[in-house]
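For reference, the chains in residue letters:
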Amino acid sequence: MTKIVTRFAPSPTGYLHIGGARTALFNWLFARHHGGTFLLRIEDTDRERSTQDAVDKIFEGLTWLGLDWDGEPVLQFARMNRHAEVAHKLLAEGKAYHCYCSPEELEEMRATAKAEGRPMRYDGRWRDRDPKDAPAGVKPVVRFKAPQTGSTLIKDHVQGDVTFQNEQLDDLIILRSDGTPTYNLSVVVDDHDMGVTHIIRGDDHLTNAARQTQLYLAAGFAVPEFAHIPLIHGADGAKLSKRHGALGTEAYADMGYLPAAMRNYLLRLGWSHGDDEIISTEQAIEWFGLDHVGRSPARFDFVKLNNLNGHYIRSTPDADLLQAALPFIAKRVGRAPDTIEQAKVMAILPAVKERAKDLNELAEGVLFLFAMRPLAPDAAAQKHLDDGAKQRLKKLAEALAALNDWSAAAAEAAVRALAEAEQVKLGQMAQPLRAALTGRTVSPPIFDVLAVLGRDETLARLADITG
Ligand code: GLU
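Residues numbered from 1 in each chain as written. Predicted model: local features only at pLDDT ≥ 70, side-chain atom pairs only at ≥ 80, totals over all residues. Heavy atoms only, no water.

A. Representation of the UniProt feature "short sequence motif: 'HIGH' region" (unreviewed entry) in the chain in the model. Taking the numbering used here, the UniProt-annotated feature "short sequence motif: 'HIGH' region" (unreviewed entry) corresponds to residues 10–20. Helix makes up 27% of residues 10–20 and strand 0%. Its end C-alpha atoms lie 7 Å apart. (UniProt positions renumbered as here; feature names shortened; annotations may be inferred. Helix = DSSP H or I, 4+ residues; strand = E, 2+ residues; numbered from the N terminus.)

Dropping the structure here:
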């Protein structure tokens, strides 16, 4: 069997957005599943809109997602001469021709098409014309002699058989008058030269697939397999926009999503394996195939992404989670936590990770460890610190100070005993305690907080409040 070669071919005109990331993931999984090769090609021929910053963002985004590509990335612009070479070969073989149409003539064709309510198609007026008719001083473009009758069939792995009537596809410009190659030609030559066997991309490229197929055939290249995936829509079914989550991967990184969760989520955006929702990357590599890519557009849904992320946070080993969370903590604290602080974070992590849906929430959950005394309880916490509460906290501080064993369990027993003796509900002890120790009304389980803060810090924070 021939070796599978896939590629991801982004245009570096912006960040690596979520649709592109999914395309990359599908290509990567397909290659890895088959023990094949996953290549990266930067389609930087639009010199006005392509930027180095966007190229870097694509590399960073793929790296963050854990999608490693094989070999060096191919830069399309640098291969311009090779693309032109193929165009000249087609010209020499009579499969392409010079067209000297003036802008005015093209405008006329456009106007006629518009008046007739059909899309503009070049009418082929230079296709068979004697080159001797060429007007002096005009630099021609090179047009591909596209088949005018019959049809072009795309046997698409996702869309099924898609037939294009050749009369609908006009003679494509393959070289501009300045000699530079155009998009479809470059893509075909690159995919051929890179040995790409499977092209998996968004279905907005389906018509290009027909034009490209004609070019492959004319050039004598083997036509690769195609899989055109439906584009991603928003939760409301409309085309994906920023409001829906059409952001760059770095935005998801900043929002505190884990790459593993993102991979799982993107995989399920358009591919399914029975009812499975949680699919590890190892399983995905084992199971992935083009036969289970959905035909209708998947909907981007933050609720699902958050649920998955929560799952991955809970199942990530604490030591790894600490590493992932450290930048988020550092951002809030204003410095990197030292090793003693990191050990405290580790101690509270099992409790915090149960509730956090992203790394920002995780960082929020451990911030109490870094609070400077005396704490400044927020307004909601203040409400739990009236005089009665302060009285109770004073007694509680005494009971806690008398403990031999400083642990969550011992603290809980002391708080419960005091609540009973004072004839108040547990919450009337626990909420003021939480407010005093964390300055918030929401925190990890309060007895865990106490255990991690340690005796001295706990008693000192209580004393700060009770005076
Ligand atoms: N550069 C194209 C894009 O970013 C992809 C072309 C392709 O995959 O063939 O949409």
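From this point on, the discussion continues.
B. Structural detail: the packing of aromatic side chains. By the definition in use, this model includes 9 aromatic pairs. A centroid spacing of 5.1 Å and a plane angle of 80° characterise the contact between Phe300 and Phe302, whose relative ring orientation is edge-to-face. The exposure class of Phe302 is partly exposed, given its relative accessible area of 27%. The side chain of Arg129 reaches across the aromatic face of Trp126, ending 4.0 Å from its centre. (Phe/Tyr/Trp six-rings, centres within 6.5 Å; stacked < 30°, edge-to-face > 60°. Buried < 20%, exposed > 50% of the residue type's maximum accessible area, 1.4 Å probe, protein only. Lys NZ or Arg CZ within 6 Å of the ring centre and 35° of its normal.)

C. Structural detail: the sheet that holds strand S1 (residues 5–8). The strand order across the open sheet built from 3 strands is S1-S2-S3, with neighbouring strands paired in parallel fashion. Two strands lie at the open edges of the sheet, namely S1 and strand S3 (74–75), each paired on one side alone. Note: S1 against strand S2 (residues 37–42), 4 bridges, orientation parallel. From the neighbouring strand, Val5 faces S2, where its bridge partner is Thr37. (Pairing = 2+ DSSP bridges.)

D. Structural detail: the side chain of Arg7. With respect to the helices and strands, the residue Arg7 is situated in strand S1. A distance of 2.9 Å separates a polar atom in the side chain of Arg7 from a polar atom in the side chain of Asp191. The contact partners of Arg7, leaving out residues within four places of it in the chain, are Asn27, Phe38, Leu39, Arg41, Val187, Asp191, Met194, Val196, His198, Ile199 and Arg201. (Polar contact = N/O pair within 3.5 Å; in protein donor to acceptor, adjacent residues only side chain to side chain. Contact = heavy atoms within 4.5 Å.)

E. Broad picture of the nonpolar core. If you look at the biggest cluster of nonpolar residues, it comprises 95 residues, and the most contacted ones within it are Phe26, Leu267, Phe300, Leu362, Leu369, Leu400 and Leu433. Residue contributions to this core peak at 9 residues, all from helix H1 (residues 18–33). Ala96, Leu172, Ile199 and Ala209 belong to the second largest nonpolar core, which has 33 residues in total. (Core = buried A, V, L, I, M, F, W, Y, C linked by side-chain atoms within 4.5 Å.)

F. Geometry of the pattern of salt bridges. Using the criterion set out here, one finds 35 salt bridges in the structure. For Glu93, the salt bridge is made with Lys89, and the minimal N-O distance between the two is 3.2 Å. Overall, the relative accessible area of 38% leaves Glu93 in the partly exposed class. (Salt bridge = Lys/Arg side-chain N within 4 Å of Asp/Glu carboxyl O.)

G. Quick look at the site of the ligand. Around the ligand sit Arg7, Ala9, Pro10, Ser11, Glu43, Tyr183, Arg201 and His205, and those are all the residues in its vicinity. In the model, a nitrogen atom of the ligand is placed 2.6 Å from a nitrogen or oxygen of the Glu43 side chain. Alone, the ligand offers 300 Å² of accessible surface; in the complex the protein occludes 79% of this. One can see that the ligand is located within the largest pocket. (Near = heavy atom within 4 Å. Areas by Shrake-Rupley, 256 points an atom, 1.4 Å probe, with all protein chains shown as cover. 1 Å grid on protein atoms, 1.4 Å probe; cavity = no way out; pocket = protein on both sides within 12 Å on 5 of 7 lines; lining within 4 Å. Sits in = over half its atoms within 2 Å of the grid points.)

H. Quick look at the layout of surface pockets. Volume-wise, the largest pocket comes out at about 820 Å³. If you go around the largest pocket, you meet 30 residues; those closest to its centre are His17, Gly19, Gly20, Asp204 and His205. Breaking the lining of the largest pocket down by element, the ones donating at least two residues are S1, H1, helix H5 (183–193) and strand S9 (198–202). A per-element tally of the lining of the largest pocket places H1 first, with 5 residues. A per-class count over the lining of the largest pocket returns 13 nonpolar, 9 polar and 8 charged. Computed from the structure, the second largest pocket encloses a volume of approximately 500 Å³. Considering the residues around the second largest pocket, the lining is formed by 24 residues, among which Glu364, Gly365, Leu367, Phe368 and Arg440 are closest to the centre. Counting residues per element, the ones that place at least two in the lining of the second largest pocket are helix H11 (318–333) and helix H13 (359–366). (Points joined across faces, edges and corners; volume = space filled by probe spheres on them. Nonpolar A, V, L, I, M, F, W, Y, C, P; charged D, E, K, R; others polar.)

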